[in-house]
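# Survey of secondary and tertiary structure
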Amino acid sequence: MARDNDAPVAVFDSGVGGLSVLGEISRLLPNESLLYVGDCGHIPYGEKTPEFIRQRCVAIAEFFRDKGAKALVLACNTATVAGVADLRERYPDWPIVGMEPAVKPAAAATQSGVVGVLATTGTLQSAKFAALLDRFAADVQVITQPCPGLVELIETGDLVSPEIRQLLHSYVQPLLAAGCDTIILGCTHYPFLKSLLREMIPASITLIDTGAAVARQLQRLLSQRDLLASGHPQPAQFWTSGDPNNFRNILPLLWKKSDSVRSFGS
Ligand code: DGL
C-alpha cells in the first residue's frame, strides 16, 4: 500500500476513551490528519475475551488500511494487551503504537513505595501486565484495582454525577488506605475523571497516564520513517459502531464539536 506524508493517522478505542489520547496527538502533531474509530457497539472491552478483542482490532485495522492510514494508534490499554502483537505480525510494514499502564514512571515517582493502578479487568489480568510489573515494579508495592462500570458511565457523557462519584470513590479508597502516593490511570477513559478524582484524593498524590507518551512515540515512529505531515491537515473524522448521534453529542464534551461522525461496520 502506498502511503505518503499527508495520509492520515488512525486512532481507535473501544469507545470515547481514546479521545484523551487523540487530544495529546493533536496537540503534539497539529499537522496530522486524524481518523478515529470508537467501537462503542462492543464496549466494554475490559470484560470481553482476548480473542474477541483481537478480532475487533483486526476488523478496525482493515478499515483503516482501506482508508490509506499511514500509522495506527491503539488508544486503549485493553486492546493493546489483547491485540497489538497480532497486529504487528499481520502488518509488519505499518507503524503501530500501543499503550500500557505507566508502571515504569510510577515506580520512579513514588516516595511511599506504594503505587496504585486503576485499569480494566482485562488489562490487569493479562500476561503483558504481569510482565510489566516483573520488569519495572520489583522494588515497589503495586495495588491493582479493576473498575467495572466506570467506562459505561463515561460513555454516556457522565463525568460528575453522584453515581460516578460514588463508584470512583469506592475504587480509589482502597488505594489510599494502602498508602499509595502515585496512581496510574491505566485506561484511556479515566483521564476524563481527573477533576473528579482530584476532589477525593490529597493534593500530594501523583496521577500518571500515558496519553502524552503515546503521542511522543507516534512522533518518533513517523519521524524515523520520514512520514511526518507537512501541513494542511484535514478535519478529524470519526466512526462508531455504536449510535452516531450519541457519539456526536458527547464529542463537544471530550474533544470538540464535529459533524463528521459516521457508522462503522457491524
Ligand atoms: N479505554 C480502554 C482502555 O484503555 C478500555 C475501556 C473498555 O473496557 O472498553 O483500557
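Since the structure is predicted, the reported quantities are computational estimates derived from the model, not experimental observations. (Residues numbered from 1 in each chain as written. Predicted model: local features only at pLDDT ≥ 70, side-chain atom pairs only at ≥ 80, totals over all residues. Heavy atoms only, no water.)

### Examining the layout of surface pockets
- Within this model, the largest pocket holds a volume of roughly 430 Å³.
- At the level of secondary structure, the elements contributing two or more residues to the lining of the largest pocket comprise α3 (77-90), β4 (96-97), α4 (103-109), α6 (127-136) and α10 (211-224).
- Sorting elements by how many residues they give to the lining of the largest pocket places α10 first, with five residues.
- Looking at side-chain class alone, the lining of the largest pocket contains 13 nonpolar, four polar and six charged residues. (1 Å grid on protein atoms, 1.4 Å probe; cavity = no way out; pocket = protein on both sides within 12 Å on 5 of 7 lines; lining within 4 Å. Points joined across faces, edges and corners; volume = space filled by probe spheres on them. Helix = DSSP H or I, 4+ residues; strand = E, 2+ residues; numbered from the N terminus. Nonpolar A, V, L, I, M, F, W, Y, C, P; charged D, E, K, R; others polar.)

### Some remarks on the UniProt feature "active site" (unreviewed entry) in the protein
- The UniProt entry lists C76 and C187 under the feature "active site" (unreviewed entry), expressed in the numbering used here. These annotated residues cover 112 residues of sequence, and their C-alpha atoms all fall within 6.6 Å of one another, placing them together at a single site. Of the annotated set named above, C187 line the largest cavity.
- Positionally, C76 belongs in the loop between β3 (71-74) and α3.
- Since its relative accessible area comes to 4%, C76 is described here as buried.
- According to the relative accessible area criterion, C187 is buried, its value standing at 6%.
- Setting aside its immediate chain neighbours within four residues, C187 contacts N77, L118, A119, T120 and V151. (UniProt positions renumbered as here; feature names shortened; annotations may be inferred. Buried < 20%, exposed > 50% of the residue type's maximum accessible area, 1.4 Å probe, protein only. Contact = heavy atoms within 4.5 Å.)

### Quick word on the site of the ligand
- S14, Y45, G46, T78 and H189 are the nearest of the 14 residues found near the ligand.
- At 2.7 Å, a backbone N or O of Y45 approaches an oxygen atom of the ligand.
- Backbone polar atom of T188 to an oxygen atom of the ligand: 2.8 Å apart, as the coordinates give it.
- Protein coverage of the free-state accessible area of the ligand, which is 300 Å², stands at 99%.
- Looking at side-chain class alone, the shell around the ligand contains six nonpolar, seven polar and one charged residues. (Near = heavy atom within 4 Å. Polar contact = N/O pair within 3.5 Å; in protein donor to acceptor, adjacent residues only side chain to side chain. Areas by Shrake-Rupley, 256 points an atom, 1.4 Å probe, with all protein chains shown as cover.)

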